[in-house]
Amino acid sequence: MPTPNEQAPRPNLQVAARVEELLREQLEELGVNPRKLAPEDIAANMHCHLAPDGSMTYLWKGEPMLHVMPEKLVDENGEESVLWRMFTKDDIASSDSFFADAADFAVEDDEDDSAPASEK
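Participant: Mind showing me how you'd approach the environment of Leu27 here?
Facilitator: By the secondary structure assignment, Leu27 is in helix H2 (residues 13-29). Between the alpha carbons of Leu27 and Trp60 there is a distance of 8.2 Å; along the sequence they are 33 residues apart. Residue contacts for Leu27: discarding those within four places in its chain leaves Val32, Pro34, Leu37, Met46, Trp60 and Met65.

Participant: Would you take a moment to explain the pairing of strand S4 (residues 80-88) for this structure?
Facilitator: Remember that side chains alternate between the two faces of the sheet whenever the strand is regular. The buried fraction of S4 is high, at 8 of 9 residues. Bridge count between strand S3 (residues 63-74) and S4: 9 bridges; the pairing is antiparallel. Directly across from Glu71, in S4, lies its bridge partner Leu83. The hairpin formed by S3 and S4 contains 5 residues between the paired strands, and Gly78 there has a positive phi angle of roughly 85°.

Participant: Can you walk me through the pattern of salt bridges in this structure?
Facilitator: Opposite charge on two side chains permits them to pair, given that their charged atoms come into close proximity. Counting across every chain of the model gives 4 salt bridges. For Lys89, the salt bridge identified is with Glu29, shortest N-O distance 3.2 Å. Of this pair, Lys89 sits in helix H4 (residues 89-94) while Glu29 sits in helix H2; the two residues are 60 residues apart in sequence, bridging distant segments of the chain. Judged by relative accessible area, Lys89 falls into the buried class, the value being 18%. Put simply, Glu71 and Arg85 hold a salt bridge, and the shortest N to O gap is 2.6 Å. Highlighted residues: Glu71 in strand S3 and Arg85 in strand S4, separated in sequence by 14 residues. Judged by its relative accessible area of 18%, Arg85 is buried.

Participant: How do you make sense of the nonpolar core when you look at a structure like this?
Facilitator: Most often, soluble globular proteins keep nonpolar side chains buried together rather than apart. Within the largest apolar cluster, 18 residues are counted, with the highest numbers of intra-cluster contacts made by Val19, Tyr58, Leu66, Val68 and Met86. Of all the secondary structure elements, the ones that give two or more residues to this core are H2, strand S1 (46-50), strand S2 (56-60), S3 and S4. Among the elements that make up this core, the one with the highest residue count is H2 (5 residues). The residues contacting Val68, other than those within four sequence positions of it, are Val19, Gly54, Ser55, Met56, Tyr58, Trp84, Arg85 and Met86.

Participant: What's the story with H2 in this structure? I'm lost.
Facilitator: Since the α-helix advances by 3.6 residues per turn, residues separated by three or four positions end up pointing in the same direction. Spanning 17 residues, H2 covers 24 Å between terminal C-alpha atoms, matching the ideal 24 Å at 1.5 Å per step. Looking at H2, one finds that the buried residues are Val15, Val19, Leu22, Leu23, Gln26 and Leu27. All buried residues of H2 fall inside an arc of 135° around its axis, so they share one side. Near the N-terminus of H2, the side chain that reaches the backbone nitrogen of Gln14, with its oxygen 3.0 Å away, is that of Asn12. In the stretch just after H2, Gly31 is the one whose phi turns positive, near 85°.

Cut-off values and rules
- Along each chain, numbering runs from 1 in the same order as the chain's sequence is written.
- Predicted model: local features are reported for residues with pLDDT of at least 70 only, side-chain atom pairs are reported and counted for 80 or more only, and whole-chain, interface and lining totals are derived from all residues.
- With hydrogens and water stripped out, all remaining heavy atoms of the structure feed into the side-chain values.
- In DSSP terms, a helix is any run of H or I states spanning at least four residues, a strand is any run of E spanning at least two, and both are numbered starting from the N terminus.
- Two residues form a contact once any of their heavy atoms are found within 4.5 Å.
- Relative accessibility decides the category of a residue: with a 1.4 Å probe and only protein chains considered, values under 20% of the type maximum give buried, values over 50% give exposed, and everything between is partly exposed.
- Any two strands between which DSSP finds at least two bridges are classified as paired.
- Each salt bridge in this description consists of a side-chain nitrogen of Lys or Arg and a carboxyl oxygen of Asp or Glu lying within 4 Å of one another.
- As used in this record, nonpolar core signifies buried Ala, Val, Leu, Ile, Met, Phe, Trp, Tyr and Cys residues forming a set joined through side-chain atoms within 4.5 Å.
- Helices are assigned an expected span. That span is 1.5 Å times one less than the residue count.
- Arc, as used here, means the arc of the directions from the helix axis to the C-beta atoms.
- Polar contact is defined as a pair of N or O atoms within 3.5 Å, subject to the rule that within protein one atom must be able to donate a hydrogen and the other to accept it, and that residues adjacent in sequence are counted only when both atoms are side-chain atoms.

Everything listed here is a matter of geometry and, on its own, says nothing about what the molecule does.
Rendered as structure tokens:
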């Protein structure tokens, strides 16, 4: 029987690209130029917590800056897809129920090409 992590949705390349874009934006808002960061600085300060449900929380120097959450959808034909909801630090800080307010950051993933979730 598969473990919960094996059943969790995995982001595809489109989702990974959007996550990278949002992480860059969030770093810039903090006054950090991501293009000038050395790989060892990124490795030391950027961490990703992967939850059993496939959600990911990215932290910069211990502060949450991006939360990515999969939402499984089933259409009228029984076809499954995943909607990836993405919440920035502003969404997280502004509301205890920020999960309900993130349609602007959603990316639908209905393709089979999955990319492994990795720490940045």
